[in-house]
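# Fold and geometry: a report
Each chain, letter by letter, is given below.
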Amino acid sequence: MTYSTKDIIQEYFYVLLGAAIIAFGFNAFLFPNQVASGGVSGISTILNGLFGWNAGVVQYAFNIPLFIAGVVVLGKSFGLKSFVGTVSLPFFVILFDGVGALTTNALLASLFGGIIVGLGIGFVFKGNASTGGTDLLAQIITKYTGLTLGTSVLLIDGLIALSAAVVFDIEKGLYALIGLYVTTKTIDLVQLGVSQSKMVYIITNKQEIMRDTIYAEIDRGVTKVPAFGGYTGEQKLMLMVVVYQSEFTKLKQVIKTVDPEAFVIVSDAYEVLGKGFKRV
């Protein structure tokens, strides 16, 4: 895949913008309310509470060695953009040190801090990079233990939240878990976007009339997918159609009119590229 200069500049912009957003959410919401919602930022919050250490300096102290360990132990380069993300995040944390708390309510801080940090991480991911930290540690654990990456990340972030509960109090640990959950959901939202379409699978004995009616009433293409009944072993053709949210109710009416006994599976389609939708 060939990247143009514009694409490369855009990706670096996403990485720097994302790091700045993460740092703002951390300094304005999470850090002043001692919400240690995972990652190196959570560790820096705990160490600040214990020893008064500067959060940005702590993040440098963890991020740089972890990045080097990731390169050495995992045996591959994580790319210049990831290095930029690793270095720029603590820089912005130090830069925004004087922002001050925008709320002293820990619940609001965990919710809005989680959203803003998740938004920033999502932008970093859109730049095909990372901010290093415990993500690299999770990959190292996965290599040597056989645990899945998701389990390793959950283990590390869970230990950080547990540490927050011990160092501060139980409520702060619970707020940390809320912030962590909101962050992960926001990352998904930035990466996938809000679902604008529905993907519908239809198993019916009236395939031809169903297809023709969908064409006529909704003007959407239909794909035939070979399928076998798990119990009967009988082969059937399953129809697949993608429609906008606004067209979904009408599609349900069409299906019900043509074959009330049809078996229908509906799922969200977060990005649809091609004729009738977005261009590739």
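Once a new chain begins, its residue numbering starts again from 1 and follows that chain's sequence as written. Two thresholds apply to this predicted model, a pLDDT of at least 70 for residue-level local features and 80 or more for giving and counting side-chain atom pairs, whereas whole-chain, interface and lining totals are computed over all residues. Hydrogens and water are ignored here; the side-chain numbers use all heavy atoms of the structure.

The subject of this paragraph is the sheet that holds strand β4 (residues 263-269). If you trace the four strands from one edge of the open sheet to the other, you get β2-β3-β1-β4, paired in antiparallel fashion. Both edges of this open sheet fall to β2 (223-228) and β4, since each of them pairs with a single strand only. When strand polarity is set aside, the average angle formed by the axes of neighbouring strands in this sheet is 25°. Two strands qualify as a pair provided DSSP detects at least 2 bridges between them. By definition, any uninterrupted DSSP run of H or I lasting at least four residues is a helix, any uninterrupted run of E lasting at least two residues is a strand, and each is numbered from the N terminus. As paired strands, strand β1 (residues 197-203) and β4 are joined by seven bridges and run antiparallel to one another. Every axis in this analysis is a line fitted to C-alpha atoms, fitted for helices over the stretch in contact. Angles between the N-to-C directions lie between 0 and 180 degrees.

Turning to a nonpolar patch on the surface, a few remarks are in order. Among the surface-exposed residues, L107, L108, L111, F112 and I115 lie close enough to one another that they form a single nonpolar patch of about 390 Å² accessible area. Position of I115 relative to the elements: it lies in helix α5 (residues 106-126). Each patch is built from residues that are more than 30% exposed by relative accessible area and take part in no salt bridge. Like charges join if they lie within 9 Å; nonpolar side chains (Val, Leu, Ile, Met, Phe, Trp, Tyr) join within 5 Å. Only the protein chains shown count as cover for residues, and all accessible areas are computed by the Shrake-Rupley method using a 1.4 Å probe. We count a salt bridge whenever a side-chain nitrogen from Lys or Arg sits within 4 Å of a carboxyl oxygen from Asp or Glu.

As a further point, take the packing of helix α1 (residues 5-30) against helix α4 (residues 80-95). It is at 8 Å that the axes of α1 and α4 come closest, and there the two elements cross at 30°. It follows from the interaxial angle that α1 and α4 lie roughly parallel. Pair α1 / α4 crosses with right-handed handedness. Along the contact surface, α1 presents E11, Y12, V15, L16, A19, A20, I22, A23, F26 and N27, while α4 presents L80, K81, V84, G85, S88, L89, F92 and V93. Under the scheme applied here, ten amino acids are nonpolar (Ala, Val, Leu, Ile, Met, Phe, Trp, Tyr, Cys and Pro), four are charged (Asp, Glu, Lys and Arg), and all others, including Gly, are polar. By residue class, the composition of the contact of α1 with α4 is 13 nonpolar, three polar and two charged. Comment on the angle field: the value is read as roughly parallel under 35 degrees, roughly antiparallel over 145, roughly perpendicular from 65 to 115, and oblique elsewhere. Put simply, a crossing is left-handed when the front helix is turned counterclockwise from the back one by less than a right angle, and right-handed when it is turned clockwise. Between two residues, a contact is recorded if the distance between any of their heavy atoms is within 4.5 Å.

Any residue with an atom within 4 Å of a point lines the site, the site being either a cavity, points on a 1 Å grid over the protein atoms alone where a 1.4 Å probe fits but cannot get out, or a pocket, an open set with protein on both sides within 12 Å along at least 5 of 7 lines. Grid points are joined across faces, edges and corners, and a volume is the space filled by probe spheres set on the points. When its volume is computed, the largest pocket comes out at roughly 850 Å³. No other element matches the seven residues that helix α8 (residues 170-192) contributes to the lining of the largest pocket. For the lining of the largest pocket, a count of residues per class yields 19 nonpolar, 16 polar and three charged.

Here we take up the packing of α1 against α5. Where α1 meets α5, the closest approach of the two axes is 7 Å, and the angle between their N-to-C directions is 170°. With respect to each other, α1 and α5 are oriented roughly antiparallel. Relative to α5, the crossing made by α1 is left-handed. Partitioned by chemical class, the residues of the contact of α1 with α5 number 18 nonpolar, six polar and one charged.

Below, the discussion takes up the UniProt feature "transmembrane region" (unreviewed entry) in the protein. UniProt positions are given in the numbering used here, feature names are shortened, and annotations may be inferred rather than shown by experiment. According to UniProt, the positions carrying the feature "transmembrane region" (unreviewed entry) are residues 12-31, 51-75, 82-100, 106-125 and 146-168. Annotated as residues 12-31, this span is 95% helix and 0% strand, and its ends, taken at the C-alpha atoms, are 26 Å apart. The distance from the first to the last C-alpha atom of residues 82-100 is 28 Å, and the span holds 74% helix and 0% strand.

Side chains that are three or four residues apart share a direction in an α-helix, a result of its 3.6 residues per turn. By this rule the span expected of a helix is its residue count minus one, scaled by 1.5 Å. For helix α10 (residues 245-258), which comprises 14 residues, the first-to-last C-alpha distance of 21 Å matches the rise-based estimate of 20 Å (1.5 Å per residue) to within 8%. When accessible area is computed with a 1.4 Å probe and restricted to protein chains, residues below 20% of their type maximum are described as buried, those above 50% as exposed, and intermediate ones as partly exposed. Looking at α10, one finds that the buried residues are E247, F248, L251, V254, I255 and V258. Considered in projection along α10, the buried side chains sweep an arc of 125° and stay on one side of the axis. The outward face of α10, more than 90 degrees from its buried face, is lined by the exposed residues S246, Q253, K256 and T257. It is the directions from the helix axis to the C-beta atoms that the arc portrays.

Bridge count between β1 and strand β3 (residues 235-244): six bridges; the pairing is antiparallel. The residue of β3 that forms the bridge with M199 is V242.

This next bit is on the UniProt feature "domain: DUF2179" (unreviewed entry) in the protein. UniProt records the feature "domain: DUF2179" (unreviewed entry) at residues 220-274, using the numbering of this structure. Annotated as residues 220-274, this span is 25% helix and 42% strand, and its ends, taken at the C-alpha atoms, are 12 Å apart.

Bringing the packing of aromatic side chains into the picture now. Under the pairing criterion, centres of Phe, Tyr and Trp rings, with the six-membered ring standing for Trp, must be within 6.5 Å; the plane angle then separates stacked pairs below 30 degrees from edge-to-face pairs above 60, leaving the rest tilted. A complete count under the given rule lists eight aromatic pairs for this structure. Pairwise contacts between aromatic rings join F13, Y14 and F123 into one cluster. Seen from the ring of F168, K172 lies directly overhead, with NZ or CZ sitting 5.9 Å from the centre. Only Lys NZ and Arg CZ are tested; either one counts as a charge over a ring when it is within 6 Å of the ring centre and within 35 degrees of the ring normal.

Here the focus is helix α2 (residues 39-51). End to end, α2 covers 18 Å across 13 residues, agreeing with the expected 18 Å (1.5 Å per residue, within 8%). Where α2 terminates, the next one or two residues include G52, which has phi positive at roughly 80°.

The topology assignment puts K198 in strand β1. Put simply, K198 and Q245 are 47 residues apart on the chain and 6.3 Å apart in space, counted from C-alpha to C-alpha. Apart from residues lying up to four places away in sequence, K198 is in contact with V241, V242, V243, Q245, F248, V266, S267, D268 and A269. Whenever a nitrogen or oxygen atom comes within 3.5 Å of another N or O atom, the pair is scored as a polar contact, on the condition that within protein one atom can donate a hydrogen and the other can accept it, and that pairs from neighbouring residues in sequence are kept only if both atoms are in side chains. A distance of 2.6 Å separates a polar atom in the side chain of K198 from a polar atom in the side chain of D268.

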